[in-house]
Amino acid sequence: MKKDPNPVSKKIYDLLDAADAELYPGLSLSQLAVVSQMLNIKIENNMSQRGYNQMMQLLKESLPEDKIVLDNYYQTKKLVRSLGLPIEKIDYCESGCMLYWGDDDEHLTSCKFCSKPRYKRCVVSRKRKLIPYKKMYYFPLILRLQRLYASCATAADMRWHHEHKKEDDVMCHPSDSEAWKHFNESHPFFAVELRNVRLGLCTNGFQKFSQSGRKYSSWPVIVTPYNLPPGMCMKEAYMFLTIIVPGPNNPKHKIDIYLQPLIKELTLLWETGVKAFDISKSNDGYVSNLELSLFFKDLTLTTLRMDDMVRLERDIPQILCKLERIFTPGHL
């Protein structure tokens, strides 16, 4: 039975419909397409904000009167921000000891490990903003995973890992590997829902200023959904940049500190799950639902303490209730 999109997905569709309106009647280019290309030109050519505003004004004056063109860079950023793909700027210790992030550490002004200050010294002024010594960027993952199911271009392909024809002794995708099959056997209730997302994570450093000879390495952290077919999951559009750890030094053994926001989201997906509207089936599915597999994982530990048994016994009713909501008794 088809359902209407949930409120989150409906908001996405409404925003895309508004941004996808024709620039003016009869033109195939949409407002969103023009804005995307203009922003790309600005970044690639290191264009100033003033230059961008002048270019937008010229474009607006050269088109017919019934056009919908944004006036300046501020309105462009406002449109892109309304699409619901936020960026989090997170301060961190100059020595890489900790992130100033989370309820307990967000408001600290010095590192609780090495006592180094968070902000640079500046002339006291009410209008002057505090400038941190170090800052990293985090791009939330869950919203982008939900959009894979909200888009007609990718929703059906998110089940490809299970529905494609497999050849004996031929591995064309990670789903053909023994490790994938072993995971399905170890977590059967995860494998039952084909739309649960399998993710691959990788990171490596690169020198941004290699031509100038300056030593400065940045470390991007990239997450790839392996549900998609090989021709899609290895393309740039589906390699989700989640974290940029700036240089100039190699984070080395402290890389786990910078991964904290991502680990928090992955933990939420693993332990609780997040709903996503699947437009290919017009109903709600789960990006992840792993309570029962986590329960069996804990139950089969080599050593079980008494408090572990009490916790597992307490969680059984809650887990079963969630399963009955997702997999009705007639389908079990």
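Use the structure listed above.
In this report, we go over the structure that sits alongside the text.

Analysis parameters
- Residues numbered from 1 in each chain as written.
- Predicted model: local features only at pLDDT ≥ 70, side-chain atom pairs only at ≥ 80, totals over all residues.
- Heavy atoms only, no water.
- Phe/Tyr/Trp six-rings, centres within 6.5 Å; stacked < 30°, edge-to-face > 60°.
- Helix = DSSP H or I, 4+ residues; strand = E, 2+ residues; numbered from the N terminus.
- Buried < 20%, exposed > 50% of the residue type's maximum accessible area, 1.4 Å probe, protein only.
- Salt bridge = Lys/Arg side-chain N within 4 Å of Asp/Glu carboxyl O.

## Quick look at the packing of aromatic side chains
Following the criterion strictly, the structure yields three aromatic pairs and no others. Each ring, one from Tyr-92 and one from Tyr-258, has its centre 5.1 Å from the other, and the planes form 90°; the classification is edge-to-face. Linking Tyr-92 in strand β1 (residues 88-92) with Tyr-258 in helix α10 (residues 255-258), this pair joins segments that are 166 residues apart in sequence. Judged on exposure class, the residue Tyr-92 and its partner Tyr-258 are both buried. With a centroid separation of 5.4 Å and 90° between ring planes, the pair formed by Phe-183 and Phe-190 is classed as edge-to-face.

## Re the pattern of salt bridges
One pass over the full model with this rule turns up eight salt bridges. One salt bridge connects Asp-278 with Arg-159, and the closest N-O pair in it is separated by 3.6 Å. One end of the pair, Asp-278, is in strand β7 (residues 275-278); the other, Arg-159, is in the loop between α5 (142-150) and α6 (160-163), with 119 residues separating them in the sequence. The pair Asp-278 / Arg-159 is uniform in exposure class, with both members buried. Ionic pairing is found between Lys-181 and Glu-178, a salt bridge with its closest N-O pair at 3.9 Å. With Lys-181 and Glu-178 both in helix α7 (residues 178-186), this residue pair falls three residues apart, about one helical turn. On the basis of relative accessibility, which here comes to 35%, the residue Lys-181 falls in the partly exposed class. Judged by relative accessible area, Glu-178 falls into the exposed class, the value being 60%.

Function cannot be read off these values alone, since they describe shape.
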